[in-house]
Amino acid sequence: MKECLIKIELANAVRGLINAVNLKVPEGDLGFLCPECRRPVKPFTDGMQGPHFEHVERNPNCSLSDA
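Residues numbered from 1 in each chain as written. Predicted model: local features only at pLDDT ≥ 70, side-chain atom pairs only at ≥ 80, totals over all residues. Heavy atoms only, no water.

Some points on helix α1 (residues 8-20)
Here α1 spans 18 Å end to end across 13 residues, near enough to the 18 Å set by a 1.5 Å rise per residue. Buried within α1 are the following residues: I8, A11, N12 and I18. Each buried residue of α1 lies within a common arc of 115° when the element is viewed along its axis, so the set occupies one face. Turned more than 90 degrees away from the buried face of α1 sit E9, L17 and A20, all of them exposed. Buried residues belonging to α1 abut β1 (32-33), β2 (40-44) and β3 (52-55). N22 sits one or two positions beyond α1 and adopts a positive phi of about 55°. (Helix = DSSP H or I, 4+ residues; strand = E, 2+ residues; numbered from the N terminus. Expected span 1.5 Å × (residues − 1). Buried < 20%, exposed > 50% of the residue type's maximum accessible area, 1.4 Å probe, protein only. Arc of directions from axis to C-beta. Contact = heavy atoms within 4.5 Å.)

Below, the structure is given as structure tokens:
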């Protein structure tokens, strides 16, 4: 399977569209993966960090996860 990078703005637009049409996504997995640990992440728009990705489940073994 080929992979590509997606910018947070587009990921948040995809999430917004999914929410707008009330599409059910199993376990919150939108298909986005962490580039380091390869576990599912989801985009966020709010917060003090600004737009960013967060792991669906925390991963203490990943340097990109809030452990």
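Here the narrative resumes, following the displayed structure.
Topic: the nonpolar core
Of all hydrophobic cores here, the largest spans five residues; its members are A11, F32, C34, V41 and C62. Contacts of F32, omitting those with residues within four sequence positions, involve I6, A11, V14, R39, P40, V41, P43 and F53. (Core = buried A, V, L, I, M, F, W, Y, C linked by side-chain atoms within 4.5 Å.)

A few points about the sheet that holds β2
Where strands meet in a sheet, backbone hydrogen bonds hold them as pairs that are either parallel or antiparallel. Strand order in the open sheet formed by three strands is β1-β2-β3, and the pairing between neighbours is antiparallel. With one partner strand each, in any of the chains shown, β1 and β3 form the two edges of the open sheet. As paired strands, β1 and β2 are joined by two bridges and run antiparallel to one another. When the sheet's bridge partners are listed, L33 is paired in β2 with P40. Packing against the sheet, α1 makes contact with β1, β2 and β3, and its axis sits at approximately 90° to β2. (Pairing = 2+ DSSP bridges. Axes fitted to C-alpha atoms, helices over the stretch in contact; angles between N-to-C directions.)

A look at the pairing of β2
Burial along β2 is one-sided: V41 and P43 are buried, while P40, K42 and F44, pointing the other way, are not. Hairpin connection from β1 to β2: six residues lie between these consecutive antiparallel strands, with R38 at a positive phi of about 70°. Sheet analysis places β2 next to β3, joined by four bridges and oriented antiparallel. When the bridges of β3 are listed, P43 appears paired with F53.

Observations concerning unusual backbone geometry
Backbone geometry at N22 places phi at a positive 55°, although glycine is not the residue there. Tracing the backbone through its elements, the reader meets N22 in the loop between α1 and β1.

Scope: geometric values only; no functional claims are made or implied.
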